[in-house]
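Structural overview
The residues making up each chain are set out below.
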Amino acid sequence: MYLYVCIKYRQNTLITQNDKEIRKGEDIVLKYIIKRLIFGLVTIFIVSTLTFFLMQQVPGGPFAADKSISKAAQKALEVKYGLDKPITVQYVNYFKNALHGDFGISIKQRGRDVAQIISSKFPVSARVGGISIILSLLIGVPLGSIAALNRGKILDRLIIIFATLGIAVPSFVICTILMYILGVKLELLPTYGLTSPLHYIMPVMALSFYPTAYIARQMRSSMLDVLGQDYMRTARAKGLSENVILFKHALRNAILPIVTYMGPLVAYTLVGSFVVEKIFTIPGLGGEFVSSVINQDYTVIMGTTIFLAALIIVMNVLVDIAYTIIDPRIKLK
C-alpha cells in the first residue's frame, strides 16, 4: 500500500512539473510574439513616416502632370484631398484615419478605396509569389543537397555555375530572355496578362530564378557543414542507412538556414514582383504600386507600404517560431 501511494505521488509530481514546463514554454512564446509585434508596430510607424515625408519632397504632385486640368481645378482637387494643408497637418490627419483602418481614397483612381485596391490586387501577387516560393524550395533544396553529396564532381560544379548566374543576373534580364525565347521566337507561351495557367509560367520562372539559386548555394554550404559533424559519423558507425542519415539527421539540420531565409524570400518575391508584374502586365499589387509611384498617388503609396511592411514583419515572426519547431534546441527570448 505504501509503495502504491509513493508511485502515485511520484506520477502526480511529474505530471505537475510537465504541466508547469508546458505553461512556461507557452508563456515564453506568447511574450516573444507580443514583443516582436510591438517592435513591428514601431518599425511600421518609422517606415510609413519616412515614406510620407519623402514622397512629399518629390517635385510636382498628383495633378501637376495632367495638362488637361486647369490651375483652378487643380486647386479645387488639392482642397478636396486635403493636399492644400501644411504637411504636418496632412501627416496627423492621415495617421488618425489609418489607425481606424481608413487608408483613404485613391487620388488618381477616382472613387476607389485604397483598402479595396489592395484587397483586389494582392491575391494576384500572392498567387504568383506563392508559386514562386514553392518552386524555389522544391528545386533549390534538392539541388543544394545533390551538390553537397557530389562535392568536387562535375555535377557540383554545374550547380555552382547555375547558382552564381542566378544570383548575378537581375530579374528584368531573365524576364526579357524568357519573353524573347519562349514568347516571341518559339511562341510557346503568352507574354502578357494572367488569364490562364500558361500565363503563370514565365512570371513564376522569372521570379523564382534568383531565390532558387540562392537556396541551392545556401543548402550546399549548410549540408557540407552538417555532413562533417561528429554525430553524422556516429550515425554511420551505428550502421544506419544513407537515406535515414540524409533525411532524418542531415536534412533537418541543414535546412535551418533556408528557414531563416524565408522571411527575406517573402520580401524579395513581393519587391521583385513589382518589376515582373510590370513587364508581363500582371494586374497585381506590384504593378499597382509602381503605377502609384509614377502617378504620385500618395494614398495608394502609403497604404501599400504599410500593408507590405506589416506582411513582412508577420512573416519574420512566423519564421522565428518555425525555428523552434524544426530544432527544439533553439529557444525564443
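Residues numbered from 1 in each chain as written. Predicted model: local features only at pLDDT ≥ 70, side-chain atom pairs only at ≥ 80, totals over all residues. Heavy atoms only, no water.

**Some points on the packing of aromatic side chains**
We apply this condition: Only Phe, Tyr and Trp rings are paired, with Trp represented by its six-membered ring, and only when their centres lie within 6.5 Å; those with planes under 30 degrees apart are stacked, over 60 edge-to-face, the remainder tilted. Helix and strand definitions here come from DSSP, where helices need a minimum of 4 consecutive H or I residues and strands a minimum of 2 consecutive E residues; each element is numbered from the N-terminal end.
Enumeration according to the criterion identifies 10 aromatic pairs in this entry. Relative to Tyr 91, the ring of Phe 52 lies with its centre 5.5 Å away and its plane at 65 degrees, an arrangement referred to as edge-to-face. Placement of the pair is Phe 52 in helix 1 (residues 2–56) and Tyr 91 in helix 3 (residues 87–99), with a sequence separation of 39 residues. Each member of the aromatic cluster is reached from another via a ring pair, and the members are Phe 45, Phe 52, Phe 53, Tyr 91, Tyr 94 and Phe 95.

**As for the UniProt feature "transmembrane region" (unreviewed entry) in the protein**
Formally: UniProt positions are given in the numbering used here, feature names are shortened, and annotations may be inferred rather than shown by experiment.
The residues that UniProt annotates with the feature "transmembrane region" (unreviewed entry) are residues 37–55, 128–149, 158–182, 197–216, 258–280 and 300–326. Taken end to end, residues 37–55 comprises 100% helix and 0% strand; its first and last C-alpha atoms sit 26 Å apart. Segment residues 128–149 splits into 100% helix and 0% strand. End C-alpha atoms: 32 Å apart.

**Looking at the side chain of Ser 132**
Convention followed: When accessible area is computed with a 1.4 Å probe and restricted to protein chains, residues below 20% of their type maximum are described as buried, those above 50% as exposed, and intermediate ones as partly exposed. Here a residue-residue contact requires only that any non-hydrogen atoms of the pair lie within 4.5 Å.
Counting through the fold element by element, Ser 132 comes out in helix 4 (residues 114–149). Of the residues examined, Ser 132 reaches a relative accessible area of 0% and is grouped as buried. Beyond its immediate sequence surroundings of up to four residues, Ser 132 is in contact with Val 204, Leu 207 and Ser 208.

**Description of the nonpolar core**
Condition: Within this scheme, the nonpolar core is defined by two criteria: the residues are buried Ala, Val, Leu, Ile, Met, Phe, Trp, Tyr or Cys, and they are joined through side-chain atoms within 4.5 Å.
Residues Tyr 94, Met 223 and Met 302 are the most contacted members of the largest nonpolar core, which totals 43 residues. Put simply, the parts of the chain that give this core at least two residues each are helix 1, helix 3, helix 4, helix 7 (197–227), helix 9 (242–254), helix 10 (256–279), helix 11 (285–295) and helix 12 (298–326). With 9 residues, helix 12 is the largest single contributor of residues to this core. In this structure, Met 223 is in contact with Ser 145, Ala 148, Leu 246, Ala 250, Leu 251 and Ala 254, ignoring residues within four places of it in sequence. In this structure, Val 124, Cys 175, Val 204 and Phe 280 belong to the second largest nonpolar core, which totals 17 residues.

**Side note on a nonpolar patch on the surface**
To keep things clear, this is the line we draw: Patch building starts from residues that exceed 30% relative accessible area and form no salt bridge, then joins like charges within 9 Å and nonpolar side chains (Val, Leu, Ile, Met, Phe, Trp, Tyr) within 5 Å. Calculation of accessible area relied on Shrake-Rupley with a 1.4 Å probe; when residues are assessed, cover is drawn exclusively from the protein chains displayed. Throughout this description, the term salt bridge denotes a Lys or Arg side-chain nitrogen within 4 Å of a carboxyl oxygen of Asp or Glu.
Nonpolar side chains collect at one region of the surface, where Leu 30, Ile 34, Ile 38, Val 42, Phe 45, Ile 46, Leu 50 and Leu 54 lie side by side and expose about 770 Å² of accessible area between them. In this structure, Leu 54 sits in helix 1.

**Concerning the pattern of salt bridges**
Going through the model one piece at a time under the given rule, you end up with 2 salt bridges. The salt bridge involving Lys 121 is made with Glu 288; its shortest N-O contact spans 3.8 Å. With Lys 121 in helix 4 and Glu 288 in helix 11, this pair connects stretches of sequence that are 167 residues apart. The residues Lys 121 and Glu 288 share a single accessibility class, namely buried. Across the pair Arg 220 and Asp 156 runs a salt bridge whose closest N-O atoms are separated by 2.7 Å. Linking Arg 220 in helix 7 with Asp 156 in helix 5 (residues 154–168), this pair joins segments that are 64 residues apart in sequence. Taking the relative accessible area as the measure of exposure, Asp 156 reaches 2% and is therefore buried.

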